[in-house]
Amino acid sequence: MIKHGRGIGVSFYGTGYGNGFPDVSKAKVILHEGGKVGIYVGATEVGQGAKTALLQIGAETLGLSSEEVLFISEDTSLMPDSGTAAASRQTYNTGNAIRKACENFKDSLIEVAKEELNLNSIHGLKVKDGRIYLEFFPEKQISFKELVDKFGDGNIEAEGEFIAQTVEMDPETGQGAPYWPYTFNACGVELKVDTDTGKVEIKEAVFAQDVGKAINPHLVEGQMDGGFAMALGYALFEDLKLEKGHIKNNKFSRYLIPTAMDMIDVENIIVEDPESTAPYGAKGIGEPVMIPVAPAILNAIYDATGVRIKELPVTPEKLREALDKVNRGGNYD
């Protein structure tokens, strides 16, 4: 028999290391030959799109196109530490460090330009489109290229540092403010269950994710799709089958992961509520996008069958066992 069910899962998630642990990101900005600007940051790219989003933050702050910026990362001999690609922290933490470094770099450029343009003050000087100019008299200007031609490659630079605000929880009461900022999401799924085989098939899904501000909406949707796929595997497929400490499903012929054939087109809803302490309002969503999916699936299975599953993954064998037990008049717990 085919039964249909719907379920919802919601979550909130604190980004960053949290609980008072030092959470520091650093960045450096350098003027290079030809007027190119190099952003040096130890932000590891692991497929989450960090290099793209962080480059966009830097380019926006500098008033340049992305093509005019050199983004150099993952070489500890060249750049300061930006912390790990973990805890959904890079967009918020390292994005803030990059923005601060770029703002400090603009201040350095303005100070140099003031002398080169024979001005008596820095007031009214602006940095945009690869030049420093007097806002009320734009003809008074000097380009990045002219500055680097005079001062040399790599001799005009600035650094930036950002430390996330986090408070250690009271060990006695468990109270505190361990994380900031938090992100919020909700997932709803509709599925069908074949009660004869125990097979679960997702039919539709909608996923709403708070991002603060989407620096790159395509990357955000990619994160949401990826999180849904990973949580789908967690909920329905991926079983290590531990027996006395030994992993029985130790190869991909036994340890099943969802493929493109198992995924559906998720209706993604990007919720934008800019975070005042974040770079252009953006928050990290790397890990949160997994959290509400499995609860939504489990709730939908319960809605369809009346059976509450409490052990993952919900393989057909496990679901059939649970259904059989209930049909025999027992309780599945």
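Before any of the text, the structure's been laid out above.
Here the structure is a predicted model, which is why all the values come from computation and not from measurement. (Residues numbered from 1 in each chain as written. Predicted model: local features only at pLDDT ≥ 70, side-chain atom pairs only at ≥ 80, totals over all residues. Heavy atoms only, no water.)

Trainee: Mind showing me how you'd approach the pattern of salt bridges here?
Mentor: For side chains bearing opposite charge, pairing can occur when the charged atoms are close. Under the defined criterion, the tally for this structure stands at 14 salt bridges. Between Arg 89 and Asp 23 there is a salt bridge, with the nearest N and O atoms lying 2.7 Å from each other. With Arg 89 in the loop between strand S4 (69–73) and helix H2 (90–116) and Asp 23 in the loop between strand S1 (2–14) and strand S2 (24–31), this pair connects stretches of sequence that are 66 residues apart. One network of salt bridges, with partners in common, ties together Lys 192, Glu 201 and Lys 203. (Salt bridge = Lys/Arg side-chain N within 4 Å of Asp/Glu carboxyl O. Helix = DSSP H or I, 4+ residues; strand = E, 2+ residues; numbered from the N terminus.)

Trainee: What exactly am I supposed to notice about the pairing of strand S10 (residues 199–210) here?
Mentor: Regular strands show a simple pattern: their side chains alternate between the two faces of the sheet. Relative to S10, strand S9 (residues 182–194) is paired through ten bridges, and the arrangement is antiparallel. Across the sheet, residue Cys 187 finds its bridge partner in S10, namely Phe 207. Once S9 ends, the chain turns through four residues before running back antiparallel as S10, passing Gly 198 with a positive phi of about 85 degrees. Looking at chain direction, S10 and strand S13 (residues 267–271) are connected through five bridges and run parallel. When the sheet's bridge partners are listed, Ala 208 is paired in S13 with Ile 269. (Pairing = 2+ DSSP bridges.)

Trainee: Help me understand the packing of helix H4 (residues 217–236) against helix H5 (residues 293–305) in this model?
Mentor: Axes are the key here: two packed helices are described by the angle between their axes and the distance separating the axes. For the pair H4 and H5, the least separation of the axes is 8 Å and the interaxial angle reads 50 degrees. Our classification of the angle between H4 and H5 gives oblique. As H4 packs across H5, the resulting crossing turns out to be right-handed. In contact with Phe 228, Ala 231, Leu 232, Tyr 234, Ala 235 and Leu 236 of H4, H5 contributes Val 293, Ala 294, Ile 297 and Ile 301. (Axes fitted to C-alpha atoms, helices over the stretch in contact; angles between N-to-C directions. Parallel < 35°, antiparallel > 145°, perpendicular 65-115°, else oblique. Left-handed = near helix turned anticlockwise from the far one by under 90°. Contact = heavy atoms within 4.5 Å.)

Trainee: Would you mind going over the environment of Phe 71 with me for this structure?
Mentor: Note on placement: Phe 71 falls in strand S4. Assessed through its relative accessible area of 19%, Phe 71 is described here as buried. In this structure the C-alpha to C-alpha distance between Phe 71 and Gly 38, which are 33 residues apart in sequence, comes to 5.9 Å. Discounting chain neighbours no more than four positions away, the residues touching Phe 71 are Ile 39, Val 41, Lys 51, Leu 54, Leu 55 and Ile 98. (Buried < 20%, exposed > 50% of the residue type's maximum accessible area, 1.4 Å probe, protein only.)

Trainee: Just to check I follow, could you spell out unusual backbone geometry for this structure?
Mentor: It is generally the case that most residues other than glycine have a negative phi and that most peptide bonds are trans. The linkage connecting Trp 180 with the following residue, Pro 181, adopts the cis geometry, with an omega of 0 degrees. Among the secondary structure elements, Pro 181 is positioned in the loop between strand S8 (157–163) and S9. For the peptide bond that leads from Leu 312 to Pro 313, omega is -5 degrees, which places it in the cis range. Along the chain, the position of Pro 313 falls in the loop between H5 and helix H6 (316–327). Although it is not a glycine, Asp 129 adopts a positive phi angle of roughly 55 degrees. Among the structural elements, Asp 129 can be located in the loop between strand S5 (125–128) and strand S6 (131–134). Located in the positive-phi region is Tyr 280, a residue other than glycine, with phi close to 55 degrees. Residue placement: Tyr 280 occurs in the loop between S13 and H5.

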